[in-house]
Amino acid sequence: MTAPAAQAEQARQTAFAIAAQPLDEALIEFARVSGDQVLYSPDLVRGRSANAVDGILPPADALRRMLEGSGVIIADHEQGSFTLRAAPAPASTPVRTQPPQPAPPRRSTVPEPDQATMDTVVVIGERLILERSLDLKRNAEYLSEVVTSDGIAALPDDTPAEALRRMPGLFSLDDQGEGRYAGIRGIDPELMNITFNGQPIGAPEGGGSGGNSGRAVRMDSIPSDLIGTIEVVKAVTPDMDHNAIGGGINITTASPFLRKGTFHSGNAQVGYNDASGNTLWSGSATLGTKLGHDERWGLLMSGSFSQRTIGSHRMSTDGWQNVNGAFLPSTRDLFDYNVDRRRWGVTMALEHRPNDNHSIRLNANFNSHRDDEERQKTAYNFARNTLSEQTEDGGRFAGGQITREFRWYLQEDTIYAASLTGEHKLDDRSTLDWSAGYSSAEKATPRRVDWEFRTTGNRFPNTYDTSGRLIVVTPNNIEAYLDPDNYPFRRVRRRTDTEREEIFSGRLNFRQDIELAGHPSYWKTGASYLRRDKLQDRENENY
């Protein structure tokens with residue numbers, strides 16, 4: 001590694017919380033947390049143990065601590081990649097290993113340091129993430145895309161919508177740089193079916209993403225840290241809910257049987273927003289364990305919290321029209337935002353597997369999203385009165401009206417979901433699965449105050465220029481434009497909102513595998529129940 005690259009690697013700090021455990025499992029956890037690749041021979045790590053690593057460290061230092069005393073060392077280190085080999089150890093120095101385990105007859109011995117040939121090389125890290133996602137897609141019986149928790153953790157995605165937009169054919173609608181709604185193939189998110197652990201999620205917003213039906217689910221209320229997998233169904237099959245034209249997205253939380261024994265992980269992130277001058281920070285933690293002498297019960301708990309104070313500036317246009325053969329907007333709006341955004345969530349999963357053929361799982365999730373917003377808006381209705389000196393990309397209007405607004409806005413969104421599910425293999429060909437669930441989603445606006453000041457109709461004549469990337473509108477009198485006395489008070493509006501949706505759902509499916517015309521096939525039947533209760537309450541006070 002070059003000197004600059006080595007310095008960059010040493011400066012890269014990552015929060016590790018990896019317990020002492022078998023070395024092969026520890027290396028997978030290390031790759032998940034660090035996002036780096038690790039290459040080694042399976043025989044090299046078999047039967048060896050790893051030390052616990054806890055703290056904020058460069059990945060190379062963390063890996064060295066993990067390997068210390070295990071008989072394995074780092075043979076090569078390139079940026080984002082580690083290669084392991086056996087450590088040369090004196091005969092008198094014992095190598096710490098796990099208690100002996102029953103071995104297959106052809107078990108290989110640990111290779112010596114001077115061995116240069118490996119029959120098998122295990123690569124974990126980015127390749128492992130891709131392989132897990134591809135395996136889930138390959139085994140699916142419908143057209144789908146899958147992203148796993150490893151892939152989400154390896155990238156700076158704060159919401160499920162941000163993780164989804166990295167998939168082919170998917171997109172997100174953003175708010176303040178964060179993904180809020182997700183869609184497939186350009187179809188409106190209103191037409192998507194969003195589920196959490198297989199259960200529908202409420203969409204309490206009266207206007208939804210496009211101001212119409214209110215069916216789009218806000219995905220920025222769910223922290224990405226609490227997700228196990230996200231599965232996107234692009235073509236709905238007969239056994240799925242058909243209340244979505246655009247397809248379906250199912251967000252699942254992790255299973256307590258994801259890893260062996262007791263496991264835990266955590267992360268912390270710190271950032272800085274230059275526009276607001278504030279520090280951004282977030283963190284999450286997960287604990288999973290097995291219960292009972294035979295470890296047939298599993299419990300997993302996760303928590304996540306983030307706080308961001310965001311400053312941003314935005315320009316938009318509206319009312320495009322054809323004026324003497326040239327298209328131009330009638331308004332040009334400027335926005336200045338200062339938003340304090342907090343997001344937190346907790347999830348719990350209790351699962352029982354009495355044997356390999358049966359499992360019952362209880363999931364409970366609570367997610368909260370809070371925006372405390374101050375917004376300044378200047379709306380310039382510049383295309384007024386007569387137009388003169390018009391060219392292909394400019395002109396002069398004899399009038400223009402400007403409205404200045406200040407909005408003080410507090411919005412709180414919560415999602416609660418609970419489900420009880422079961423999967424049962426009745427025999428070699430027949431399976432039965434069932435679920436019962438409840439979810440509640442609420443959008444509360446306890447405070448929204450809009451102050452509005454507006455000039456007379458043609459107070460600000462102007463020129464416009466559409467030749468650049470942005471539309472530039474320049475008032476003829478800049479000093480008058482900046483003078484507050486030219487903006488008399490128009491009105492103030494106070495508003496509170498409560499929007500809530502509750503969903504009760506149930507499902508029962510029976511499947512039997514058969515052979516049809518010499519090909520493996522199956523038939524499936526089932527029943528489902530869905531009830532939605534929606535409430536909208538608004539109070540307005542205008543002066």
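Residues numbered from 1 in each chain as written. Predicted model: local features only at pLDDT ≥ 70, side-chain atom pairs only at ≥ 80, totals over all residues. Heavy atoms only, no water.

Caption draft 1: Region of the structure containing the pairing of strand S23 (residues 394–425). Sheet topology note: the strand S22 (residues 358–391)/S23 ladder contains 28 bridges and is antiparallel. If you follow Phe366 over to S23, its bridge partner there is Tyr416. Inspection of the sheet shows S23 paired to strand S25 (residues 462–465) by four bridges, in the antiparallel sense. The residue bridging Gly394 from the neighbouring strand is Asp465, located in S25. Here S23 hands over to strand S24 (residues 430–454) after four residues, the two strands then running antiparallel side by side. (Pairing = 2+ DSSP bridges. Helix = DSSP H or I, 4+ residues; strand = E, 2+ residues; numbered from the N terminus.)

Caption draft 2: Spatial organisation of the pattern of salt bridges. In the structure shown here, the tally under the stated rule is 30 salt bridges. A salt bridge links Arg296 to Asp356; the shortest N-O distance between them is 3.8 Å. Within this pair, whereas Arg296 is found in the loop between strand S17 (278–291) and strand S18 (297–318), its partner Asp356 is found in the loop between strand S21 (331–355) and S22, the two being separated by 60 residues in sequence. As a salt-bridge pair, Asp497 and Arg538 come within 2.5 Å of each other at their nearest N and O atoms. Separated by 41 residues along the polypeptide, Asp497 in strand S27 (residues 489–516) and Arg538 in strand S28 (residues 519–542) bring together distant segments of the chain. Among the charged side chains, a salt-bridge network with shared partners connects Asp175, Glu178, Arg180, Arg308, Arg341, Arg343 and Asp371. (Salt bridge = Lys/Arg side-chain N within 4 Å of Asp/Glu carboxyl O.)

Caption draft 3: Representation of a nonpolar patch on the surface within the structure. On the surface, a nonpolar cluster with roughly 220 Å² of combined accessible area is contributed by Met315, Leu334 and Leu470. Within the fold, Met315 resides in strand S18. Given a relative accessible area of 30%, Met315 falls into the partly exposed group. (Patch = residues over 30% accessible without salt bridge, like charges linked within 9 Å, V, L, I, M, F, W, Y side chains within 5 Å. Areas by Shrake-Rupley, 256 points an atom, 1.4 Å probe, with all protein chains shown as cover. Buried < 20%, exposed > 50% of the residue type's maximum accessible area, 1.4 Å probe, protein only.)

Caption draft 4: View of the packing of helix H2 (residues 23–34) against helix H4 (residues 59–67). One can describe the packing of H2 onto H4 by two numbers: an axis separation of 11 Å at closest approach and a directional angle of 170°. Judged by the inter-axis angle, H2 sits roughly antiparallel to H4. The residues of H4 that touch H2, namely those facing Leu23, Ala26, Leu27, Phe30 and Ser34, are Pro59, Ala62, Leu63, Met66 and Leu67. The residue inventory of the contact of H2 with H4, partitioned by class, reads nine nonpolar, one polar and no charged. (Axes fitted to C-alpha atoms, helices over the stretch in contact; angles between N-to-C directions. Parallel < 35°, antiparallel > 145°, perpendicular 65-115°, else oblique. Contact = heavy atoms within 4.5 Å. Nonpolar A, V, L, I, M, F, W, Y, C, P; charged D, E, K, R; others polar.)

Caption draft 5: Main features of the confidence of the model for the chain. Per-residue confidence for the chain gives a mean pLDDT of 81, with 83% of residues at or over 70. Of all secondary-structure elements in the chain, the lowest mean pLDDT belongs to helix H1 (residues 3–11), at 49, while S24 reaches the highest, 95. Long-range and interchain partners of residues 92–120, a stretch whose pLDDT sits below 50, account for 38 contacts in this model, where long-range means more than four residues apart. A low-confidence stretch, residues 207–212 (pLDDT under 50), is modelled with 15 contacts involving residues beyond four sequence positions or located in other chains. (pLDDT = per-residue confidence, 0-100.)

Caption draft 6: Quick peek at unusual backbone geometry. For Asn197, which is not glycine, the phi torsion reads 55° and is therefore positive. Assignment of secondary structure puts Asn197 in the loop between strand S12 (192–196) and strand S13 (199–200). Positive phi outside glycine occurs at Glu389, with the angle close to 55°. Counting through the fold element by element, Glu389 comes out in strand S22.

Caption draft 7: Broad picture of the environment of Pro223. The topology assignment puts Pro223 in the loop between S13 and strand S14 (229–233). We classify Pro223 as buried; its relative accessible area is 2%. With 122 residues separating them along the chain, Pro223 and Gly345 place their C-alpha atoms 6.6 Å apart. Those residues in contact with Pro223, other than ones at most four positions away along the chain, are Asp158, Ser304, Arg343, Trp344, Gly345 and Asn367.

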